[in-house]
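This is what each chain is made of:
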2 protein chains.
Amino acid sequence: MADQPSIRLYVDEPLQAGTTLQLAKGQSHYLVNVMRLNTGAPVLLFNGTDGEWLAEITAADKKACVLSLLEQTRPQCDEPDVWLLFAPLKKDRTDFLVEKATELGASRLLPVITRHTQTTRLNTERLYATATEAAEQSRRLSVPDVDAPLPLGDILRTWPAGRHLIYLDETGRGQPLAQVLADEPGALAFLIGPEGGFTADELDALGKLTFSVAADLGPRILRAETACVAAMAIRQSVADSRPPKTQDRRN
Amino acid sequence: MADQPSIRLYVDEPLQAGTTLQLAKGQSHYLVNVMRLNTGAPVLLFNGTDGEWLAEITAADKKACVLSLLEQTRPQCDEPDVWLLFAPLKKDRTDFLVEKATELGASRLLPVITRHTQTTRLNTERLYATATEAAEQSRRLSVPDVDAPLPLGDILRTWPAGRHLIYLDETGRGQPLAQVLADEPGALAFLIGPEGGFTADELDALGKLTFSVAADLGPRILRAETACVAAMAIRQSVADSRPPKTQDRRN
């Protein structure tokens with residue numbers, strides 16, 4: 001087994017040497033009742049800005065567990081700047097998509113409503129909790145933002161300068177994604193349509209944007225959530241800078 | 001909507017012009033009771049060897065629906081020769097893995113038992129049904145084989161000549177997968193370990209094989225099923241030859 005504590009928690013508070021912090025009820029319950037940790041047990045913490053910290057439980061209260069910060073174990077590092085725009089799917093497939101996109105480094109998850117989108121109701125609080133858990137388990141140092149759903153047209157009308165939008169065109173008119181990614185460094189966003197695909201009008205509008213490019217994922221038809229995971233995995237293989245690794249990731 | 005019939009079924013019978021075939025009870029029930037199809041409705045069929053055929057329902061019996069073959073819509077084509085060796089996970093994550101690996105072109109799925117594998121019981125019949133459904137929906141012309149679980153050592157001892165084994169080494173000692181794939185054309189197999197990772201002994205043994213190479217999936221820790229999907233997606237982006245596409249894939 002690894003020497004490092006295997007429990008990592010995201011917290012929404014500053015992390016620095018000597019700090020003591022009291023966990024909220026949910027996380028306290030998890031550490032004390034579920035994981036059965038007691039005073040002195042080590043826990044890793046991150047908050048998206050201060051790196052990763054080793055902390056120790058100093059009061060194992062199941063409603064308000066207290067941690068004392070010991071030392072920084074990893075500095076905050078640059079993470080990929082990649083947004084994922086996706087049409088909400090059925091509940092379990094959306095959960096899956098959010099979990100996998102988080103593991104694969106998405107910085108922001110934006111549910112978009114297109115013509116053929118099946119679901120417009122979305123519990124973004126729950127999705128954020130799913131993303132947080134995935135970030136904790138994947139050793140990320142941040143949790144992706146999870147936006148409220150918006151119509152595709154609204155998102156495109158207020159698109160930020162300098163960010164490339166790569167949309168996966170199921171009709172096969174785009175270049176292979178790996179090739180597109182080689183030409184599009186910097187801030188990125190992927191847009192993946194719903195199970196029913198984009199309409200001809202939507203594809204037409206997407207093709208006319210100055211910041212967009214069509215890409216293709218290969219010869220078979222992929223489910224929408226598979227396309228999301230595939231795009232994120234291919235991006236990671238092409239683009240991520242690779243920090244030095246140690247043997248302690250897992251054993 | 002597409003002009004093509006949207007229902008595709010895998011059948012285990014020869015497909016040729018003029019053939020009439022009677023579907024089994026499950027598929028008959030699906031067409032007649034679930035999809036509410038009637039006599040004259042078009043259905044696409046494939047069997048893994050004879051390409052894809054357009055058929056028409058000639059008797060809509062909910063227990064033994066009869067189809068008449070009209071014409072071949074796609075010839076059988078070469079599909080990727082890629083095996084996926086994976087340690088069985090919890091039920092829903094294994095289902096997910098099988099579905100996604102099928103969409104992404106796996107030709108054979110081999111559950112392997114390693115030291116840290118959590119589950120050795122596996123309903124391979126059910127997994128084959130999941131793979132069949134995924135193949136039907138992804139427009140594949142074949143269904144991957146699904147093997148019974150075997151200990152990793154047994155599989156490695158009887159490894160076929162000429163097939164490269166790429167194992168995903170979570171300790172980060174491999175080269176990035178995209179780079180490994182560029183050097184390893186031909187018959188491939190991926191091996192992805194369980195949630196607990198490979199043991200030092202297992203990694204040692206894998207490193208000594210003449211047919212194996214270690215690969216790495218990037219800076220974050222991926223769940224086992226995410227690693228499977230990522231590896232398959234990256235392979236597809238690097239290796240698949242791209243058949244010409246038409247606009248009728250979906251609209």
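The rules behind the values
Residues numbered from 1 in each chain as written. Chains lettered and ligands numbered in written order. Predicted model: local features only at pLDDT ≥ 70, side-chain atom pairs only at ≥ 80, totals over all residues. Helix = DSSP H or I, 4+ residues; strand = E, 2+ residues; numbered from the N terminus. Rg over C-alpha atoms; globule rule 2.2 N^0.38 Å. Contact = placed C-beta atoms within 7 Å. Axes fitted to C-alpha atoms, helices over the stretch in contact; angles between N-to-C directions. Parallel < 35°, antiparallel > 145°, perpendicular 65-115°, else oblique. Nonpolar A, V, L, I, M, F, W, Y, C, P; charged D, E, K, R; others polar. Domains from an automatic or database assignment. Core = buried A, V, L, I, M, F, W, Y, C linked by C-beta atoms within 7 Å. Buried ≥ 20, exposed ≤ 12 C-beta atoms within 10 Å, placed from the backbone. Expected span 1.5 Å × (residues − 1). Pairing = 2+ DSSP bridges.

A. Representation of the overall build of chain A within the structure. The secondary structure content of chain A amounts to 7 helices and 13 strands. At 20 Å, chain A has a C-alpha radius of gyration in line with the 18 Å of a compact globule built from 251 residues. The principal-axis extents of the C-alpha atoms in chain A amount to approximately 60 × 40 × 35 Å. Long-range contacts, defined here as pairs at least 24 residues apart, represent 74% of the contacts in chain A between residues at least 6 apart.

B. Spotlight on the packing of helix α7 (residues 224-239) of chain A against helix α7 (residues 224-239) of chain B. For the pair α7 of chain A and α7 of chain B, the least separation of the axes is 8 Å and the interaxial angle reads 70°. One finds that α7 of chain A runs roughly perpendicular with respect to α7 of chain B. Across from Val229, Ala230, Ala233, Ile234 and Ser237 of chain A in α7 of chain A, the residues of α7 of chain B making contact are Val229, Ala230, Ala233, Ile234 and Ser237 of chain B. Among the residues making up the contact of α7 of chain A with α7 of chain B, the classes are represented as 8 nonpolar, 2 polar and no charged.

C. Summary view of the domain arrangement of chain A. Residues and elements named next belong to chain A. Domains assigned within chain A are domain 1 (8-74) and domain 2 (82-239). Each of domain 1 and domain 2 has a C-alpha centre, and the two are 33 Å apart. Taken together, the contacts link 8 residues of domain 1 with 7 residues of domain 2. Grouping the constituent residues of the side of domain 1 that touches domain 2 by class yields 3 nonpolar, 2 polar and 3 charged.

D. Examining the nonpolar core more closely. Core analysis: the biggest nonpolar cluster contains 100 residues, and Leu84, Cys228 and Ala231 of chain A together with Leu84, Cys228 and Ala231 of chain B have the highest contact counts within it. Aside from chain neighbours lying at most four places away, what touches Ala231 of chain B is Leu168, Leu177, Phe190, Ile192 and Leu217 of chain B.

E. Geometry of α7 of chain B. Under the 1.5 Å per step criterion, the end-to-end length of α7 of chain B is 22 Å for 16 residues, consistent within 8% with the ideal 22 Å. Counting buried positions along α7 of chain B yields 15 of 16 residues, so the element is predominantly enclosed.

F. Expanded view of unusual backbone geometry. Residues and elements named next belong to chain A. Although it is not a glycine, Arg139 sits at a positive phi angle of roughly 65°. Mapping Arg139 onto the fold places it in the loop between α3 (124-138) and β8 (145-146). According to the C-beta neighbour criterion, Arg139 is partly exposed, with 18 such atoms within 10 Å.

G. Representation of the packing of helix α2 (residues 91-103) of chain A against α7 of chain A in the model. Residues and elements named next belong to chain A. Relative orientation of the contacting elements α2 and α7 amounts to 5°, with a least axis distance of 9 Å. When the axis of α2 is compared with that of α7, the two are roughly parallel. Touching Arg93, Phe96, Leu97, Lys100 and Ala101 of α2 are Glu225, Cys228, Val229 and Met232, all from α7. Classifying every residue of the contact of α2 with α7 by side-chain character gives 6 nonpolar, no polar and 3 charged.

H. Here's a closer look at the environment of Pro75 of chain B. Positionally, Pro75 of chain B belongs in the loop between β5 (66-74) and β6 (82-86). Note: C-alpha distance between Pro75 of chain B and Leu141 of chain B (66 residues apart in sequence) is 9.0 Å.

I. View of the sheet that holds β5 of chain B. Residues and elements named next belong to chain B. One open sheet holds the 5 strands; their spatial order is β1-β3-β4-β5-β2, and the pairing between them is mixed. Of all strands in the sheet, those bounded by a partner on one side alone are β1 (8-10) and β2 (20-22). Recorded for the sheet is a direction-independent mean angle of 40° between the axes of neighbouring strands. Alignment of strand β4 (residues 52-59) against β5, held across 7 bridges, turns out to be antiparallel. Note on β5: the bridge partner recorded for Trp53 is Gln72.

J. Expanded view of the sheet that holds strand β5 (residues 66-74) of chain A. All names here are of chain A. Taking strand neighbours across the sheet as the criterion, the 5 strands line up as β1-β3-β4-β5-β2 in an open arrangement whose pairing is mixed. The sheet terminates laterally at β1 (8-10) and β2 (20-22), the two strands that pair on one side only. Between one strand and the next, the sheet's axes are offset by a mean angle of 40°, whatever the strand orientation. As paired elements, β2 and β5 share 3 bridges and run antiparallel to each other. Opposite Thr20, over in β5, you have Ser68 as the bridge partner.

K. Spotlight on the pairing of strand β3 (residues 42-46) of chain B. Residues and elements named next belong to chain B. Bridge analysis of β1 against β3 gives 3 bridges, and the strand direction is parallel. Bridge pairing in β3 links Leu9 to Leu45. The antiparallel pairing of β3 with β4 creates a hairpin that spans 5 residues between the two strands, and Gly48 there sits at a positive phi of about 95°.

L. How the structure looks around the pairing of strand β12 (residues 188-192) of chain A. Residue and element names in this part refer to chain A. Taking burial as the measure, the 5 residues of β12 include 5 buried ones, the bulk of the element. Judged by which residues are buried, β12 turns out to be covered on both faces: Leu188, Phe190 and Ile192 on one side and Ala189 and Leu191 on the other are all buried. Both strand β6 (residues 82-86) and β12 contribute to a ladder of 5 bridges, which runs parallel. In the strand pairing of β12, Phe86 is matched with Ile192.

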